[in-house]
Amino acid sequence: MTIDPRDIQIYVLGEHGDTQFPVWSHGNIGGLSVHEWLEKHPSFSEQDLGLIAEKVKNAAYDIIAAKGSTHYGIAISLARITRSILKDEHAVLPVSVHLEGQYQATDVCISSPPIVNSQGIREIIEMPLNESEQQQMYDSIQTLKTMQAQLQE
């Protein structure tokens with residue numbers, strides 16, 4: 001079954017790479033939670049969610065293989081962030097933010113949706129995560145902290 005991507009809202013948290021993960025517990029498809037969607041559409045399964053997560057995680061590699069780089073996607077993202085700042089939109093955007101206690105972490109920048117306005121980051125939205133998602137966020141934070149430590153050596 002095909003669904004218009006504009007009708008699907010699922011945030012991806014974590015470092016931009018191998019440890020990023022979709023927050024299925026807060027996602028919705030046409031106003032239904034992902035869990036409700038799966039119940040109503042038995043042809044769509046948990047396994048399909050895993051395949052989607054992998055496809056999203058590896059999308060940059062596919063784009064680079066086809067076009068040589070991802071600069072158009074980066075440009076579109078920067079234009080959207082800039083518009084939110086210049087027009088004081090108070091938009092919730094998927095960007096990397098400096099954690100100051102959110103997800104029990106500090107001194108690391110990681111993807112978690114903030115409210116972006118003319119002042120920049122107004123507020124980081126700390127999404128309540130289920131146990132599996134908490135572990136994935138912890139693993140992603142540790143991956144970034146390990147990279148930071150290696151760079152400081």
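Residues numbered from 1 in each chain as written. Predicted model: local features only at pLDDT ≥ 70, side-chain atom pairs only at ≥ 80, totals over all residues. Heavy atoms only, no water.

Draft legend 1. Looking closely at unusual backbone geometry. One non-glycine residue, Asp-88, lies in positive phi territory at about 50°. On the secondary structure map, Asp-88 appears in the loop between helix H4 (71-86) and strand S6 (91-92). (Helix = DSSP H or I, 4+ residues; strand = E, 2+ residues; numbered from the N terminus.)

Draft legend 2. Up close: H4. Look at H4: 22 Å from first C-alpha to last across 16 residues, which is about the 22 Å you get at 1.5 Å a residue. After H4 finishes, the residue Asp-88 shows a positive phi value of roughly 50°. (Expected span 1.5 Å × (residues − 1).)

Draft legend 3. Up close: the UniProt feature "domain: Lactate/malate dehydrogenase C-terminal" (unreviewed entry) in the protein chain. Under the UniProt annotation, the feature "domain: Lactate/malate dehydrogenase C-terminal" (unreviewed entry) is placed at residues 3-147. Between the C-alpha atoms that bound residues 3-147 the distance is 37 Å, and the span itself is 42% helix and 22% strand. (UniProt positions renumbered as here; feature names shortened; annotations may be inferred.)

Draft legend 4. Spatial organisation of the side chain of Gln-20. Here Gln-20 lies in the loop between strand S2 (12-13) and strand S3 (21-22). Its relative accessible area of 14% is what places Gln-20 among the buried residues. Not counting residues within four places of it along the chain, the set of residues in contact with Gln-20 comprises Val-12, Leu-13, Gly-14, Glu-15, Val-56 and Lys-57. (Buried < 20%, exposed > 50% of the residue type's maximum accessible area, 1.4 Å probe, protein only. Contact = heavy atoms within 4.5 Å.)

Draft legend 5. The side chain of Lys-57, seen in detail. Within the element layout of this structure, Lys-57 appears in helix H2 (residues 46-57). Looking at Lys-57, its side chain comes within polar contact range of the side chain of Glu-54, at 2.9 Å. Contact partners of Lys-57, with chain neighbours within four places excluded, come to Gly-17, Asp-18 and Gln-20. (Polar contact = N/O pair within 3.5 Å; in protein donor to acceptor, adjacent residues only side chain to side chain.)

Draft legend 6. Structural context of the sheet that holds strand S9 (residues 114-117). Ordered by their spatial adjacency, three strands build an open sheet running S6-S9-S10, and the pairing between neighbours is antiparallel. At either margin of the open sheet sits one strand with a lone partner, and together these are S6 and strand S10 (120-124). Across two bridges, S6 lies against S9 in antiparallel orientation. Bridge pairing in S9 places Ala-91 opposite Val-116. (Pairing = 2+ DSSP bridges.)

Draft legend 7. Looking closely at helix H5 (residues 131-152). Helix length check: H5 (22 residues) gives 32 Å between terminal C-alpha atoms against 32 Å at 1.5 Å per residue, within 8%. Every buried residue belonging to H5 is among Glu-133, Met-137, Ser-140, Ile-141 and Leu-144, and all of these are buried. Mapping the buried residues of H5 onto a view down its axis gives an arc of 95°, with all of them on the same face. Check the buried side of H5 and you find it contacts S2, S3, strand S7 (96-100) and strand S8 (106-111). Where H5 begins, one side-chain oxygen reaches toward the backbone nitrogen of Ser-132, 3.1 Å away; that side chain belongs to Asn-130. (Arc of directions from axis to C-beta.)

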